Amino acid sequence: MSLKKKLIAPSILSADFGRLADEIAEVDQGGCDWIHVDVMDGHFVPNLTIGPPVIRWIRKATRLPLDVHLMIEEPIRYIGDFREAGSDWMTIHVEACQDVSGTLKEIKSRGAKAGISIRPKTDVAALEPYLSSVDLILVMTVEPGFGGQVFMPEMLDKVRSLRSKFSGYISIDGGINVETARQAAQAGADVFVAGSAIFKERNRKAYLNKLRDAIS
Ligand code: DX5
Ligand code: ZN
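Cut-offs and rules
- Residues numbered from 1 in each chain as written.
- Chains lettered and ligands numbered in written order.
- Predicted model: local features only at pLDDT ≥ 70, side-chain atom pairs only at ≥ 80, totals over all residues.
- Heavy atoms only, no water.
- Donors = N, O, S within 2.8 Å, 3.2 Å for Na, K, Ca; no water.
- Helix = DSSP H or I, 4+ residues; strand = E, 2+ residues; numbered from the N terminus.
- Buried < 20%, exposed > 50% of the residue type's maximum accessible area, 1.4 Å probe, protein only.
- Arc of directions from axis to C-beta.
- Phe/Tyr/Trp six-rings, centres within 6.5 Å; stacked < 30°, edge-to-face > 60°.
- Polar contact = N/O pair within 3.5 Å; in protein donor to acceptor, adjacent residues only side chain to side chain.
- Axes fitted to C-alpha atoms, helices over the stretch in contact; angles between N-to-C directions.
- Parallel < 35°, antiparallel > 145°, perpendicular 65-115°, else oblique.
- Left-handed = near helix turned anticlockwise from the far one by under 90°.
- Contact = heavy atoms within 4.5 Å.
- Near = heavy atom within 4 Å.
- Pairing = 2+ DSSP bridges.

Q: It is not clear to me how the coordination of the zinc ion (ligand 2) should be interpreted in this structure. Could you clarify?
A: By definition of the ideal shapes, four donors in a tetrahedron about a metal sit 109.5 degrees apart, and six donors in an octahedron sit 90 or 180 degrees apart. The coordination sphere of the zinc ion (ligand 2) contains the protein donors His 36 (NE2), Asp 38 (OD), His 69 (ND1) and Asp 173 (OD), at a distance range of 2.1 to 2.3 Å. Within one chain, the residues serving as donors to the zinc ion (ligand 2) are arranged as H-x1-D-x30-H-x103-D. Taken together, the positions of His 36 in strand β2 (residues 35–40) and His 69 in strand β3 (residues 66–71) put the pair 33 residues apart, joining distant regions of the chain. Residue class for His 36 comes out buried when judged on its relative accessible area of 0%.

As structure tokens, then:
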């Protein structure tokens, strides 16, 4: 059982990028805890999003921690750039790095918190060697690459098994809404990343309140 405060991290992937600062201000004022930023390179996942120059502007739009999810091959090449742009947390994929330990060390040496993630087909055993070197584990509950997909409930077994041996943050990402967040909270997750469920709502604050009730 984790006694940490449960955190809500809206994923801006489903926000209106033409009004990004306003979109972030709305969820910030609506009471969310972190801002989740999905970085995609068109190699590790079949989609392209944003990089350090945009993160630099997001950094100016909020004081909330920036939770940067790096869905890119060999992220070690860009850790310095993402850190300088204002990333507080950086989560890499175990499948995307030749030297996972070296990449985690690089994140920490830059003064950021380090996270590691697995895609749905990757077994939790792949994380075993790194449990003591990460601050956060992100369990993907959809195939990474796109917002608006359907939650895979069978991934909650990964959360349960990790909860028994990992005391850091367990984050859950993909298809999170009021219903699936409740299930993930029961399984032991601490951080709830939600994109489309929040940004498709007209009243983001009201939805954030509903999410908060569901996970507490
Ligand atoms: C998917 C991303 C997610 C995505 C979640 O690859 O990692 O953060 O934005 O979007 P929803 O909440 O719509 O599934
Ligand atoms: Zn994400």
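There is more to say after this.
Q: Got a minute to help me understand unusual backbone geometry in this structure?
A: Look at Glu 74: it is not a glycine, yet its phi comes out positive at around 45°. If you trace the backbone, Glu 74 turns up in the loop between β3 and α3 (79–85).

Q: What is the right way to look at helix α2 (residues 52–61) in this model?
A: Given 3.6 residues per helical turn, the α-helix brings residues three or four places apart onto the same face. Taken together, the buried positions of α2 are occupied by Pro 52, Ile 55 and Ile 58. Across the axial projection of α2, the buried residues extend over an arc of 105°, all falling on one side. α2 presents Pro 53, Trp 57 and Lys 60 as exposed residues on the side facing more than 90 degrees away from its buried surface.

Q: Would you take a moment to explain the packing of aromatic side chains for this structure?
A: Each aromatic ring pair is described using two quantities: the centre-to-centre distance and the angle formed by the ring planes. What the rule picks out here adds up to three aromatic pairs. Judged by centre distance (4.7 Å) and plane angle (35°), the rings of Trp 34 and Trp 89 are tilted. Taken together, the positions of Trp 34 in the loop between α1 (20–29) and β2 and Trp 89 in strand β4 (residues 89–93) put the pair 55 residues apart, joining distant regions of the chain. With respect to class, Trp 34 is no different from Trp 89; both count as buried. Overall, the relative accessible area of 9% leaves Trp 89 in the buried class. Among the aromatic side chains, those forming a connected cluster through ring pairs are Trp 34, Trp 89 and Tyr 169.

Q: Whenever I open this one, the side chain of Ser 117 confuses me. Can you help?
A: Examined against the element boundaries, Ser 117 turns out to sit in strand β5 (residues 113–118). Exposure remark for Ser 117: the relative accessible area of 0% places this residue in the buried category. Here His 93 takes part through its side chain, which lies 3.5 Å from a polar atom of the side chain of Ser 117.

Q: Sorry if this is basic, but what is going on with the packing of helix α6 (residues 178–187) against helix α8 (residues 204–215) here?
A: Helix packing geometry: the angle between the two helix axes and the distance between the axes. Relative to each other, α6 and α8 sit at 30°, their axes nearing to 8 Å. As summarised for this structure, α6 and α8 are arranged roughly parallel, according to the angle between their axes. Crossing handedness for the pair α6 and α8: right-handed. Contacts from Val 178, Ala 181, Arg 182 and Ala 185 in α6 reach Tyr 207, Lys 210, Leu 211, Ala 214 and Ile 215 in α8.

Q: So what exactly am I meant to see when it comes to the site of ligand 1 here?
A: Taken together, 20 residues surround ligand 1, and among them Gly 145, Gly 148, Asp 173, Gly 195 and Ser 196 come closest. Within the contact set of ligand 1, an oxygen atom lies 3.4 Å away from a side-chain nitrogen or oxygen of His 36. Within the side chain of Asp 38, an N or O atom sits 2.8 Å from an oxygen atom of ligand 1. Broken down by secondary-structure element, the contributors of at least two residues to the shell around ligand 1 are β2, β3 and β8 (191–194). The greatest single-element share of the shell around ligand 1, amounting to three residues, is contributed by β2.

Q: What am I meant to see in the pairing of β5 here?
A: Note on strand geometry: in a regular strand, side chains alternate between the two faces of the sheet. Burial analysis of β5 places five of its six residues in the buried class, which makes it a mostly covered element. Judged from the five bridges that link them, β4 and β5 form a sheet pairing that is parallel. Residue Ile 92 lies in a different strand from β5, and its bridge partner there is Ile 116. Relative to strand β6 (residues 136–140), β5 runs parallel, the two being bridged by four bridges. Along β6, the bridge assignment pairs Ser 117 with Leu 138.

Q: I keep staring at α1 and nothing clicks. Help me out?
A: Among the residues of α1, Leu 20, Glu 23, Ile 24 and Val 27 are the ones counted as buried. Projected down its long axis, α1 carries its buried residues within an arc of 95°, all on one side. Elements that come into contact with the buried residues of α1 comprise β1 (7–10), β2, α2, α7 (196–199) and α8. Gly 31 occupies a position one or two residues after α1 and carries a positive phi of about 100°.

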